[in-house]
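Residue strings, one per chain:
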Amino acid sequence: MILRVRVEVTGPHAIVIWPEGDVDYSSLDPLREALMDARMAGVSEIVVDFTDVGFLDSQGLAVILYAHRRQRSSGGRLILRNLNDMARRLLHVTNLTTVLDVEGGVGERPTAAAAAAASRATRGE
Amino acid sequence: MDLMPSADGTGDSGDVHSGGLRDVVQLAIPAAGAYLVVLRTATASLAARADFTLDDIEDLRIAVDEASALLLVSAIPGSALECLFTLSPGLMRVTVSVDSLDGEPPSKDTFAWTVLSALAGEVGSSTGPGQRVTIELTKRRGDFGG
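A quick note: this is a predicted structure, and the numbers were derived from the prediction, not measured. (Residues numbered from 1 in each chain as written. Chains lettered and ligands numbered in written order. Predicted model: local features only at pLDDT ≥ 70, side-chain atom pairs only at ≥ 80, totals over all residues. Heavy atoms only, no water.)

Q: Report on the packing of aromatic side chains, specifying residues and quantitative values.
A: Taken as a whole and judged by the stated rule, the model has zero aromatic pairs over all chains. Its guanidinium or amino end placed over the ring of F52(B), R141(B) lies 6.0 Å from that ring's centre, counting from NZ or CZ. (Phe/Tyr/Trp six-rings, centres within 6.5 Å; stacked < 30°, edge-to-face > 60°. Lys NZ or Arg CZ within 6 Å of the ring centre and 35° of its normal.)

Q: Could you give an account of the interface of chain A and chain B, with specific residues and numbers?
A: The partner chain B presents 24 residues to the 23 residues of chain A that form the contact. Taken together, both faces of the contact between chain A and chain B bury some 1800 Å²; the carbon and sulfur share is 64%. The largest per-residue losses of area from chain A upon contact with chain B belong to Y25(A), F55(A) and R89(A), which jointly make up 29% of the total buried on that side. Viewed at the interface, chain B and chain A are joined by four salt bridges. For D55(B), the salt bridge goes to R89(A), with nearest N and O atoms at 3.7 Å. At the boundary of chain A with chain B, the tally comes to six residue pairs in polar contact (both at pLDDT 80 or more). (Contact = heavy atoms within 4.5 Å. Buried area = accessible area lost by both parts, 1.4 Å probe. Salt bridge = Lys/Arg side-chain N within 4 Å of Asp/Glu carboxyl O. Polar contact = N/O pair within 3.5 Å; in protein donor to acceptor, adjacent residues only side chain to side chain.)

Q: Tell me about helix 2 (residues 58-73) of chain A, and name the residues and values.
A: In this model, helix 2 of chain A (16 residues) spans 22 Å end to end at C-alpha, consistent with the 22 Å of a helix rising 1.5 Å per residue. Where helix 2 of chain A ends, the next residue or the one after it, G75(A), has phi of about 85 degrees, a positive value. (Helix = DSSP H or I, 4+ residues; strand = E, 2+ residues; numbered from the N terminus. Expected span 1.5 Å × (residues − 1).)

Dropping the structure here:
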């Protein structure tokens, strides 16, 4: 699946990267290149927004983790935003919840059971 | 794509496993990353059909993707990646195999293998015949991934 990546400049040293599609073994390059370009341009704050990401695997996570380490080593930050349940689940499985910066926190490990309970509570059951 | 559902859960070919019948689905796709999405979709569909929970389905979808990506790294270009799904009551076994360039099993010291092991209940790899490399994973309904 082709991954499209949009980049929005939000400040003198800040950008938001918007991947659109599935981030997997076959589609890493656009994201890797966007992160590398940001690094080369000296961007200190990189936000990766997952609103339009349907799937993330360990290969995609490794690219993000690498960029996170590079940012940290140069005094910058990489922040993950709008992670879906699937991506947050992957962070829990890999024990990266305390390593990567997630806007609003990563929260508890999302489960279908918890989602169903929340839904029942909303309905007043 | 070669989709060959084998409804061996009926008639003379029916296999009994854990007190229930077993269905086997075989899927062959080009050994190229662009087709991983097909495998993920098939995995989720089969797991849903087998009444796995949403958590299990998500775990399986990621696990099969990880296993396949591990094999694609050394797959012979132009060959096929074959995936065999065996569905039994409360259990799904997935076997992914390719003809590889080096015939070596995937390294277990990788991030991908860690994720795979965490999400599937049981994971193993094997080699042969020839340059064939196989990863097999088993997921039971209600397994806690991670």
